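Chains, contacts and geometry: an overview
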Amino acid sequence: MALQWLILSYVVAAEVAIAVILTLPYPMLLKKRIVSLISLILNPAASIVAFAGFQLLDIYWKNEHRLLCSSEVCTTTERDRHEKSVYKAQRNGVLCAAGILLYWCIFRICKYHKDLERLEQLEKRYKDE
């Protein structure tokens, strides 16, 4: 069960590293190459959105069907187990949301750089005419 969260945390860490790499100032030629490389990676990496979405649905389903201690005879162990599962679900929900948000940010940054490059080429072509 914990393997999926480990994988998702590594993917989110990789997304953070990619976002940092994309936002660092580089010479224009190096920046174009980095953006083109990351753009090639983005298509197969789109599966992280579906994976995180399904994990969010799983968290929601488990939250709706979680056994609650409704009687007054709850032991401290049961209460601790319930609180721990709630905290883990909140952490995992934040992790899923971060994965989706970071993917979107990386996608928009790459699109911004591609649009900027296209406009620079268009400007250069108009100046040459």
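Residues numbered from 1 in each chain as written. Predicted model: local features only at pLDDT ≥ 70, side-chain atom pairs only at ≥ 80, totals over all residues. Heavy atoms only, no water.

1. Observations regarding the side chain of His-113
Put simply, the rule is: Going along the chain from the N terminus, every DSSP run of H or I of four or more residues is numbered as a helix, and every run of E of two or more is numbered as a strand. For each residue, the accessible area found with a 1.4 Å probe, counting protein chains only, is set against the maximum for its type, and the residue is called buried under 20%, exposed over 50%, and partly exposed in between. Residue contacts follow a heavy-atom distance rule, with two residues in contact if any of their heavy atoms lie within 4.5 Å.
Tracing the backbone shows His-113 in helix α4 (residues 76–128). Overall, His-113 belongs to the buried group, its relative accessible area being 18%. Look past the residues within four positions of His-113 in its chain and what remains in contact with it is Leu-22, Lys-31 and Val-35.

2. A closer look at a nonpolar patch on the surface
Note the following rule: Surface patches are defined over residues having more than 30% relative accessible area and no salt bridge, joining like charges when they lie within 9 Å and nonpolar side chains (Val, Leu, Ile, Met, Phe, Trp, Tyr) when within 5 Å. Areas reported here follow the Shrake-Rupley algorithm with a probe of radius 1.4 Å; residue values treat only the protein chains shown as occluding. Salt bridge criterion: a side-chain nitrogen from Lys or Arg within 4 Å of a carboxyl oxygen from Asp or Glu.
A contiguous nonpolar surface patch, about 430 Å² in accessible area, is contributed by Leu-3, Leu-6, Ile-7 and Tyr-10. Its location among the elements puts Leu-3 in helix α1 (residues 2–23).

3. Points about helix α3 (residues 47–64)
What counts here: To estimate how far a helix should extend, the number of its residues minus one is multiplied by 1.5 Å. Starting at the helix axis, one direction is taken to each C-beta atom, and the arc is that of these directions.
Between its first and last C-alpha, α3 extends 26 Å over 18 residues, near the 26 Å set by a 1.5 Å rise per residue. Those residues of α3 that fall on the buried side of the exposure criterion are Ile-48, Ala-52, Gln-55 and Ile-59. Within α3, the buried residues cover an arc of 60 degrees as seen down the axis, which keeps them to one side. Looking at α3, the residues exposed on the side facing more than 90 degrees away from the buried face are Phe-54, Leu-57, Tyr-60 and Trp-61. Of the surrounding secondary structure, the elements contacted by the buried residues of α3 are α1, α2 (28–45) and α4.

Fair warning: the whole summary comes from geometry, so function is off the table for now.
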